[in-house]
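Report on the structure
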Amino acid sequence: MMYNYLVEDARNQEFPQLKDAVYVDHAGATLYSSSQVDAVHHDLMSHLYGNPHSHNASSKLSTDTIDQIRYRVLKFFKTNPEEYNLIFTSGCTASLRIVADCFTFSTEKEDSQSVGVFCYLEDNHTSVQGMREVVAGRCQGIYCLDENEMTTALTNQTPTSVNHAETQENSSSVDSDHYPTSSATAQSLFAYPAQSNFSGKKHPLKWIKHIQEKGLNLPGRRFVYLLSQLTTIRRFVYLS
């Protein structure tokens, strides 16, 4: 029984490889359609693409094509090459590994007080959890937030002029000497999915600007102020 003839027709024409099959891993590996294969085949048979790192006509065509795609992606996200670098990777896991390997939690190597933290939303890609092992020895702490804690961290803000990390327990005051603090040279990293690949839930993109400008306030656990320390993150977009 066909539940929608338009969907059935598109499925038969664009995805003939799905005949007699049920595919439920679209989030992990999106299927290629017939029209996409035809378009790519026509493009490759009509143009000579060379090594983009060489210096010849075919090389220039490859370089120009890559630059055009990069520009179109940045334009789609309403930004530009002056603010962001766009890096193409083999997939989400590879992208996250690059971030985990390369992110600098401090600009002062000899100052242990100038080290940021790694925070991530509980509803996240499993590879984000894998980042914990990579950054554990380089950051000041690792914190997992559920949605309620995230809401609290975003709404209970203190003045943005504060740029250090401080720990408190409930409503009582705590001697800050017992807890690590971070100076303006500390850089913290927060990871969350725009859309959960498990539940499909979409999380607000406005969180990005909010955290960049005001940081995260985590009462009862730790105050993490990202502020200008996030300028490093703002310059990179990792796409799979």
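As annotated in an unreviewed UniProt entry, the protein is Aminotransferase class V domain-containing protein from Biomphalaria glabrata.

Looking now at unusual backbone geometry. Backbone geometry places Asp-20, a non-glycine residue, at a positive phi of 60 degrees. Note on placement: Asp-20 falls in the loop between α1 (5-14) and α2 (34-46). The exposure class of Asp-20 is exposed, given its relative accessible area of 78%. One non-glycine residue, Lys-78, lies in positive phi territory at about 60 degrees. Among the structural elements, Lys-78 can be located in the loop between α3 (57-76) and β1 (85-88).

Another aspect to go through is the environment of Leu-74. For Leu-74, the position within the fold is in helix α3. Note on Leu-74: relative accessible area 3%, which makes it buried. Separated by 12 residues in the primary sequence, Leu-74 and Leu-86 place their C-alpha atoms 7.5 Å from one another. If near-sequence neighbours (up to four positions away) are discounted, Leu-74 is found in contact with Thr-79, Asn-80, Pro-81, Tyr-84 and Leu-86.

Inspection of the secondary structure puts Asn-124 in the loop between β2 (118-121) and α5 (126-135). You can call Asn-124 buried: its relative accessible area is 11%. There is a polar contact of 3.1 Å between the side chain of Asn-124 and the backbone oxygen of Leu-121. Not counting residues up to four positions away in its chain, the partners in contact with Asn-124 are Ala-191, Tyr-192, Pro-193 and Asn-197.

Moving on to a nonpolar patch on the surface. The grouping of Ile-66, Ile-69 and Phe-88 at the surface amounts to a nonpolar patch, some 250 Å² of accessible area in total. Here Phe-88 shows up in strand β1.

Now for α3. When the terminal C-alpha atoms of α3 are compared, their 29 Å separation across 20 residues agrees well with the 28 Å that a helix rising 1.5 Å per residue should span. Two residues or fewer after α3 comes Lys-78, characterised by a positive phi angle close to 60 degrees.

It is worth spelling out the packing of helix α4 (residues 92-102) against α5 at this point. It is the contact of α4 with α5, at a shortest axis distance of 9 Å, that shows an interaxial angle of 25 degrees. By the angle between their directions, the pair α4 and α5 is classed as roughly parallel. The element α4 and its partner α5 pack so that their crossing is right-handed. Contacts between α4 and α5 involve Thr-93, Leu-96, Arg-97, Val-99, Ala-100 and Asp-101 from the former and Ser-127, Val-128, Met-131, Val-134 and Val-135 from the latter. Tallied by class, residues from the contact of α4 with α5 come to seven nonpolar, two polar and two charged.

Definitions and limits used
- Residues numbered from 1 in each chain as written.
- Predicted model: local features only at pLDDT ≥ 70, side-chain atom pairs only at ≥ 80, totals over all residues.
- Heavy atoms only, no water.
- Helix = DSSP H or I, 4+ residues; strand = E, 2+ residues; numbered from the N terminus.
- Buried < 20%, exposed > 50% of the residue type's maximum accessible area, 1.4 Å probe, protein only.
- Contact = heavy atoms within 4.5 Å.
- Polar contact = N/O pair within 3.5 Å; in protein donor to acceptor, adjacent residues only side chain to side chain.
- Patch = residues over 30% accessible without salt bridge, like charges linked within 9 Å, V, L, I, M, F, W, Y side chains within 5 Å.
- Areas by Shrake-Rupley, 256 points an atom, 1.4 Å probe, with all protein chains shown as cover.
- Salt bridge = Lys/Arg side-chain N within 4 Å of Asp/Glu carboxyl O.
- Expected span 1.5 Å × (residues − 1).
- Axes fitted to C-alpha atoms, helices over the stretch in contact; angles between N-to-C directions.
- Parallel < 35°, antiparallel > 145°, perpendicular 65-115°, else oblique.
- Left-handed = near helix turned anticlockwise from the far one by under 90°.
- Nonpolar A, V, L, I, M, F, W, Y, C, P; charged D, E, K, R; others polar.

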